Every structure is written in structure tokens, then in C-alpha cells.
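Secondary and tertiary structure notes
What follows is the residue order along each chain.
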Amino acid sequence: MLTCPMCKKRLNGLEKECTKCQTDVSLLVDYVENLQDGLVRADALTKQGELGEAVWAYLEVLEVDPDNATARRQVGQVVTAVRQFDKAAPGRRWLHQLQRKTRFRRWSANLKSEGDPAGWVSGIVWFVIVMGALILGYFLGAHPFQAPATTTAPAATAPAADGK
């Protein structure tokens, strides 16, 4: 159901003019009709088994109306299925393990890339962090923490009470 942008009255059906303020709302009507056409086309593609094209049609609907519940639900189901497939596929697990094993090698290669100041900045930051930790460790080790010495007054010896 549409709402008139001028008087905020709900419009009955897909009328081209607001019945209260006579504002032309034909652009809004065309917008909603095209949105429905996109949903119908995406649903037909889904029923035909053309899931790739259907997802693109739903994404086109979401581009126009990001809050469309039907399109969001359908795209969400596809995304969930793809995530489950990626987790279950042995090739993907192998690729993920390989990427974890070569993480340091890729990081060091990024440092060596010429013309990229981000690699050098990252290297300098790591160098400063390591040097700071070394210097801090040296000073803490060279000057161990010593508890302040407490001075206690010697106990005064009182004369013996037994009379000797």
C-alpha cells in the first residue's frame, strides 16, 4: 500500500493521483509495479531452476527496495547454502589450511612489494613494538623491584619484674 508523499494519506490501490490532495503519484505507482514485476520474474526463474539468474533478479529488487522481505529471504537462503557448501567442500578446506600455513610467507612477501608504503609502515610498526618490548624487558630485569625496607624500633627491654 502506497502513501502520498504530500499529505501522508494511504492510497487505495495503484491510483495515479492522491484522492485527498490531487498530487500526481504516477512515479510511485510505476516504481511499485516494476518492483512486483521483478519479484514475479525472479520467482519464475526460481521455479525454472535458473537459480543464478533468479538471485540476480532478487538482487535487482533489493537494489531498488532494500527492505523487501521476499527478496531478502530468497537471497539469504542462497547465501546460507553457499556458506554450507564452502564449509563442506574438501577443496575449500584444503585451500583454507594452505592459506593458514603460508600466512607468514605472504605477510613477508607483502613487506617486500616495491612502491607500496603500507608494507614498510607495517614493518616499522612491528620493529618499534619489538624494540619497545626488548627495552622494557631490559629495564625491568636490570632494576628488579625491591620492597622498601621497613625500620622497626628495637623493643625496649624492661627491667625484670622478679626482683633480681
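Residues numbered from 1 in each chain as written. Predicted model: local features only at pLDDT ≥ 70, side-chain atom pairs only at ≥ 80, totals over all residues. Heavy atoms only, no water.

1. Observations concerning the overall build of the chain
When its secondary structure is counted, the chain shows six helices and zero strands. Helices and strands in the chain line up, N terminus first, as α-α-α-α-α-α. The buried share among the 164 residues of the chain stands at 18%. Contacts in the chain between residues at least 24 apart in sequence constitute 16% of all its contacts with a sequence separation of at least 6. Of the roughly 13,600 Å² of accessible surface on the chain, 62% is carried by carbon and sulfur atoms. (Helix = DSSP H or I, 4+ residues; strand = E, 2+ residues; numbered from the N terminus. Buried < 20%, exposed > 50% of the residue type's maximum accessible area, 1.4 Å probe, protein only. Contact = heavy atoms within 4.5 Å. Areas by Shrake-Rupley, 256 points an atom, 1.4 Å probe, with all protein chains shown as cover.)

2. What about the pattern of salt bridges?
In total, this model carries two salt bridges according to the counting rule given. Between Glu60 and Arg41 there is a salt bridge; the shortest N-O distance is 2.8 Å. Of this pair, Glu60 sits in helix H2 (residues 51–64) while Arg41 sits in helix H1 (residues 26–48), and the two are 19 residues apart along the sequence. Among the residues examined, Arg41 registers a relative accessible area of 40% and is labelled partly exposed. (Salt bridge = Lys/Arg side-chain N within 4 Å of Asp/Glu carboxyl O.)

3. Quick notes on the packing of H1 against H2
For the pair H1 and H2, interaxial distance at closest approach is 8 Å and the crossing angle is 160 degrees. Compared by their axis directions, H1 and H2 come out roughly antiparallel. The crossing of H1 and H2 is left-handed. Within the contact between the two elements, H1 uses Tyr31, Leu35, Gly38, Leu39, Arg41, Ala42, Asp43, Leu45 and Thr46 and H2 uses Leu51, Glu53, Ala54, Ala57, Tyr58, Glu60, Val61 and Val64. Classifying every residue of the contact of H1 with H2 by side-chain character gives eleven nonpolar, two polar and four charged. (Axes fitted to C-alpha atoms, helices over the stretch in contact; angles between N-to-C directions. Parallel < 35°, antiparallel > 145°, perpendicular 65-115°, else oblique. Left-handed = near helix turned anticlockwise from the far one by under 90°. Nonpolar A, V, L, I, M, F, W, Y, C, P; charged D, E, K, R; others polar.)

4. A closer look at a positive patch on the surface
Taken together, the side chains of Arg100, Lys101, Arg103 and Arg106 define a basic patch exposed on the protein surface. Elements that contribute at least two residues to the positive patch include exactly helix H4 (90–101) and helix H5 (103–112). Locating Lys101 in the fold gives a position in helix H4. Since its relative accessible area comes to 69%, Lys101 is described here as exposed. (Patch = residues over 30% accessible without salt bridge, like charges linked within 9 Å, V, L, I, M, F, W, Y side chains within 5 Å. Lys, Arg positive; Asp, Glu negative; His and termini not counted. Charge placed at Lys NZ, Arg CZ, Asp CG, Glu CD.)

5. Focus on a nonpolar patch on the surface
Residues Ile124, Phe127, Val128, Val130, Met131, Leu134, Ile135, Tyr138 and Phe139 make up a contiguous nonpolar surface patch of roughly 930 Å² in combined accessible area. By the element assignment, Phe139 lies in helix H6 (residues 117–142). On the basis of relative accessibility, which here comes to 47%, the residue Phe139 falls in the partly exposed class.

6. With respect to the nonpolar core
One broad rule of soluble globular proteins: the nonpolar side chains tend to lie buried together. Counting eleven residues, the largest nonpolar core is built from Leu35, Leu39, Ala42, Leu45, Ala54, Ala57, Tyr58, Val61, Leu62, Ala71 and Val75. Contributions of two or more residues to this core are made by H1, H2 and helix H3 (69–88). When residues in this core are grouped by element, the largest group, five residues, is from H2. Excluding residues within four positions of it along the chain, Tyr58 makes contact with Leu39, Ala42, Asp43, Thr46, Ala71, Gln74 and Val75. Core analysis: the second largest hydrophobic core is formed by five residues, Leu11, Cys18, Val25 and Val29 among them. (Core = buried A, V, L, I, M, F, W, Y, C linked by side-chain atoms within 4.5 Å.)

7. Quick notes on H1
For H1, with 23 residues, the first-to-last C-alpha span of 33 Å sits near the 33 Å given by 1.5 Å per residue. Buried within H1 are the following residues: Ser26, Val29, Val32, Leu35, Gly38, Leu39, Ala42 and Leu45. Looking one or two residues past H1, Gly49 carries a phi angle of roughly 90 degrees, positive in sign. (Expected span 1.5 Å × (residues − 1).)

8. Details of the packing of aromatic side chains
Evaluated as defined, the whole model comprises one aromatic pair. Note on Tyr138 and Phe139: the rings are 5.4 Å apart at their centroids and 70 degrees apart in plane angle, and the pair reads as edge-to-face. The exposed category is assigned to Tyr138, whose relative accessible area is 57%. (Phe/Tyr/Trp six-rings, centres within 6.5 Å; stacked < 30°, edge-to-face > 60°.)

The analysis is restricted to geometry; functional conclusions fall outside its scope.
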